[in-house]
Amino acid sequence: MNSHLLLVMILGIQMSSGYAQDTLKSMQQLRAEVNYEEKNVPDYALPSLFAGSNDANLIDATTWNNKIRPEWLELFEREMYGHFPDEGLHVSFIINSDQMVFGDKFRRKEVTINVSNGRHGHDISLLLYLPTKVRGPVPMFVGLNFYGNHTIHSDPGISIHRSWARNNEDYGISNNRVDDKSRGIRANRWPVEQIIQAGFGLGTIYYGDIDPDYDDGFNNGIHSLLDEEVDKSTLSSISAWAWGLSQALNYFEQDSQIDHDHVAVIGHSRLGKTSLLAGALDQRFAMVVSNDSGCGGAALSRREFGETVHIINRSFPHWFNERFNHYNEQVNKLPFDQHSLLALAAPRPLYVASASEDLWADPHGEFLAAKEASKVYNLLGEKGLEDASMPAADSPSNKGVVGYHMRSGKHDITSYDWAQYLSFASRHFKK
Ligand code: GTR
C-alpha cells in the first residue's frame with residue numbers, strides 16, 4: 001500500500017471517533033489555547049439538575065433522593081469517575097499506636113487499614129490527631145495528603161510510608177522514596193493545632209498508599225488486589241482514592257472517641273476532586289469541602305476556562321475512566337456538569353473555595369457550580385449559597401448550607417481556608 005493512502009486511512013479512522021481525534025492536537029497546542037478571559041467563555045447551557053425538567057417545583061424531595069440522585073451518581077461513575085469494585089475485598093483495622101503527644105494536648109493514633117482479597121493484602125496507614133480537652137466523641141475532618149502522613153506535622157513519632165512518592169528536590173524526595181528529611185514539609189497545609197483548638201480531630205491518609213499517582217495501567221496500590229478479569233477501562237485513581245476515604249470512615253465508626261456522625265471530608269486540588277466524589281458516593285460524610293479542586297472537581301467543564309477536560313485527560317489519563325475521553329472535544333455532550341456533582345452533597349453542608357490567582361482552576365466556574373447546586377439545597381428545604389454574584393476576594397459567603405470563598409493568593413490550602421471550614425463546620429455540627 002502506498003504510504004499516502006495509509007496516512008489517509010489512519011487519519012480517517014482517527015477522525016471517525018472523537019477520542020482518537022485528540023491525538024492530532026499536541027499538548028503544546030492545547031496549552032497554548034487555554035482561555036483566561038471571561039469574555040472568551042463560550043456560550044453554554046447547563047444540563048438541568050432535575051433530569052429533563054428545568055423546574056424544581058415539578059420535582060419533590062423524595063423524587064430527588066430516590067430517583068434523580070442515584071441516576072446522577074450512576075452517570076458520573078459511568079461517564080467520568082469510574083468505580084472501585086470492592087466486592088470480594090475484606091478490610092480490617094489494626095491500631096498500631098495510641099498516645100498522648102505535645103504535653104497531652106493531642107492524642108495521636110496510627111491505624112493500619114488492611115485490605116485483602118484472601119490471597120494477598122495491601123496496607124494503608126491512617127493518622128489521627130484527636131483533641132484531649134473535648135468531652136465525648138469528637139467531630140472530625142478527614143482528607144488525603146500528597147506526600148505522606150509524616151509531612152503534615154513535624155511530630156517525630158509519625159511513621160514514614162514506603163509507598164511510591166513523587167520526586168521533589170525542594171523536599172529532598174528522590175528515587176520516588178521518602179525519608180526523615182521530608183518530615184513536616186507540608187505542615188503549612190495542615191494546621192493541626194488550629195484544628196484541635198477548634199475542637200475537631202483530624203484524620204489523614206497518604207493518597208499514594210491507596211493508589212500511586214501515575215498511569216501504571218491500574219496494577220499497583222489497591223488495584224493490585226482486583227481480579228484479572230476486571231474491566232480496566234472502568235477504573236480510575238480518583239474513585240480508588242475516594243474509596244480509601246470511606247475506609248477511614250468505616251474505622252471511625254468503630255472508634256468510640258470519634259463522633260462518626262460529624263465527619264467533614266476535605267481535599268485540595270486533585271484531592272478536592274476526590275473529596276467531592278467521596279462525599280457524593282458516601283452520604284455518611286456529614287460535610288463536604290472542596291479546596292481549589294478546579295477542572296473535574298467544582299469547576300464547570302463547559303466554561304473551558306483554565307484547565308479543560310481535554311487537557312486533564314491528556315495530562316492525567318488515570319484520574320478518570322476511559323470513557324471520559326469521549327468528551328475531550330465535545331464537553332457540551334457531557335450529560336452533566338460539575339454543578340450536578342456538587343448537588344450530590346445536598347442537603348449536607350458543602351463548602352467550595354477558590355484562590356484569586358488560581359485561574360487554572362477557574363474560580364468563577366467553581367462559584368457558578370456551587371450557586372447552581374444550591375437549587376437542590378432549596379428543593380430539600382435548605383438555604384444554599386446566598387450571594388447572587390461572585391463575592392470579592394476574602395469575603396466568604398457562608399450563611400447558608402453551601403459556603404464559598406475566594407482567598408486572595410495562589411493555588412494552595414492555607415490557615416485562612418481552614419479557619420473558614422472550621423467555623424462553618426462548628427456552626428453546622430453544633431448539636
Ligand atoms: C494540576 C492539575 C489540576 C490540579 C493540580 C493538583 O497539575 O492540572 O487539575 O489537580 O494539579 O492536584 O495539584
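Report follows, based on the coordinates. (Residues numbered from 1 in each chain as written. Predicted model: local features only at pLDDT ≥ 70, side-chain atom pairs only at ≥ 80, totals over all residues. Heavy atoms only, no water.)

### Structural notes on the side chain of Arg407
Link 1 in the chain: As for its placement among the helices and strands, Arg407 is situated in strand E9 (residues 402-407).
Link 2 in the chain: Discounting residues that sit within four places of it in the chain, Arg407 has contacts with Asp292, Ser354, Ala355, Ser356, Asp394, Asp412, Ile413, Thr414, Tyr416 and Asp417. (Helix = DSSP H or I, 4+ residues; strand = E, 2+ residues; numbered from the N terminus. Contact = heavy atoms within 4.5 Å.)

### With respect to the sheet that holds strand E4 (residues 138-145)
Link 1 in the chain: One open sheet holds the nine strands; their spatial order is E1-E2-E3-E5-E4-E6-E7-E8-E9, and the pairing between them is mixed. Taken across any chain shown, the strands that pair with only one partner, and hence form the sheet edges, are strand E1 (90-101) and E9. Strand after strand, the sheet turns through a mean of 20 degrees between neighbouring axes, direction not considered. (Pairing = 2+ DSSP bridges. Axes fitted to C-alpha atoms, helices over the stretch in contact; angles between N-to-C directions.)

### A word on the site of the ligand
Link 1 in the chain: If you check the shell around the ligand, you find Phe146, Ser269, Arg270, Lys273, Glu307, Ile312, Phe316, Trp319, Trp360 and His411 and nothing else.
Link 2 in the chain: Within the side chain of Ser269, an N or O atom sits 2.7 Å from an oxygen atom of the ligand.
Link 3 in the chain: Taking Glu307, its side chain carries an N or O atom lying 2.5 Å from an oxygen atom of the ligand.
Link 4 in the chain: In isolation the ligand has 310 Å² of accessible area, and contact with the protein removes 79% of it.
Link 5 in the chain: By residue class, the composition of the shell around the ligand is five nonpolar, two polar and three charged. (Near = heavy atom within 4 Å. Polar contact = N/O pair within 3.5 Å; in protein donor to acceptor, adjacent residues only side chain to side chain. Areas by Shrake-Rupley, 256 points an atom, 1.4 Å probe, with all protein chains shown as cover. Nonpolar A, V, L, I, M, F, W, Y, C, P; charged D, E, K, R; others polar.)

### Quick word on the pattern of salt bridges
Link 1 in the chain: Counted according to the given criterion, the structure contains 23 salt bridges.
Link 2 in the chain: A salt bridge links Asp155 to Arg108; its shortest N-O distance comes to 2.8 Å. Of the two residues, Asp155 sits in the loop between E4 and helix H5 (192-197) while Arg108 sits in strand E2 (residues 106-116), which places them 47 residues apart along the sequence. Comparing Asp155 with Arg108, the two get one shared label, buried.
Link 3 in the chain: Note that Asp292 and Arg407 form a salt bridge whose closest N and O atoms lie 3.8 Å from each other. Of the two residues, Asp292 is situated in the loop between strand E7 (287-291) and helix H9 (309-315) and Arg407 in strand E9; the sequence distance between them amounts to 115 residues. In this structure, Asp292 and Arg407 share a single accessibility class: buried.
Link 4 in the chain: Salt bridges linked by common partners bring Glu38, Arg303 and Asp362 together as one network. (Salt bridge = Lys/Arg side-chain N within 4 Å of Asp/Glu carboxyl O. Buried < 20%, exposed > 50% of the residue type's maximum accessible area, 1.4 Å probe, protein only.)

### Quick word on the packing of helix H4 (residues 61-81) against helix H8 (residues 270-281)
Link 1 in the chain: Between H4 and H8, the least distance of the axes is 11 Å, while the angle of their chain directions is 140 degrees. What the angle tells us is that H4 and H8 run oblique. In terms of crossing hand, the pair formed by H4 and H8 is left-handed. Residues Arg69, Leu73, Glu77 and Tyr81 of H4 form the contact with H8, whose participating residues are Leu277, Gly279, Ala280 and Leu281.
Link 2 in the chain: In the contact of H4 with H8, the residues fall into five nonpolar, one polar and two charged. (Parallel < 35°, antiparallel > 145°, perpendicular 65-115°, else oblique. Left-handed = near helix turned anticlockwise from the far one by under 90°.)

### A closer look at the nonpolar core
Link 1 in the chain: In this structure, Trp64, Leu126, Phe252, Leu342 and Leu350 are the most contacted members of the largest nonpolar core, which totals 95 residues.
Link 2 in the chain: No other element matches helix H7 (residues 237-252), which puts 10 residues into this core.
Link 3 in the chain: Ignoring sequence-local partners within four residues, the contact set of Leu342 consists of Leu276, Ala298, Leu350, Val352, Ala369, Ala370, Ala373 and Tyr377.
Link 4 in the chain: Grouped together as the second largest cluster of nonpolar side chains are 27 residues, Leu127, Phe141, Trp190 and Tyr421 included. (Core = buried A, V, L, I, M, F, W, Y, C linked by side-chain atoms within 4.5 Å.)

### As for the environment of Ala373
Link 1 in the chain: Along the chain, Ala373 falls in helix H11 (residues 363-379).
Link 2 in the chain: Spatially, the C-alpha atoms of Ala373 and Gly148 are 33 Å apart, while their sequence positions differ by 225 residues.
Link 3 in the chain: If we skip the residues at most four places from it in the chain, Ala373 touches Leu49, His339, Leu342 and Ala343.

### Quick look at the environment of Thr414
Link 1 in the chain: Relative to the helices and strands, Thr414 resides in the loop between E9 and helix H12 (415-429).
Link 2 in the chain: Look at Thr414 and you get buried, because its relative accessible area is 19%.
Link 3 in the chain: Sequence separation between Thr414 and Leu277 is 137 residues; the distance between their C-alpha atoms is 22 Å.
Link 4 in the chain: For Thr414, the side chain forms a polar contact with the main-chain nitrogen of Tyr416, separated by 3.2 Å.

### Some thoughts on the side chain of His339
Link 1 in the chain: Secondary-structure assignment places His339 in helix H10 (residues 338-343).
Link 2 in the chain: In this structure His339 touches Leu46, Pro47, Leu49, Leu300, Ala369, Glu372 and Ala373, once residues within four positions along its chain are discounted.

### Thoughts on the pairing of E2
Link 1 in the chain: Most of E2 is tucked away: 10 of the 11 residues are buried.
Link 2 in the chain: Pairing geometry for E1 and E2, over 11 bridges, is antiparallel. Across the sheet, residue Ser92 finds its bridge partner in E2, namely Asn114.
Link 3 in the chain: The loop that links E1 with its antiparallel partner E2 comprises four residues; one of these, Phe102, has a positive phi angle of about 50 degrees.
Link 4 in the chain: Here E2 runs beside strand E3 (residues 121-131); their pairing, made up of 11 bridges, is antiparallel.

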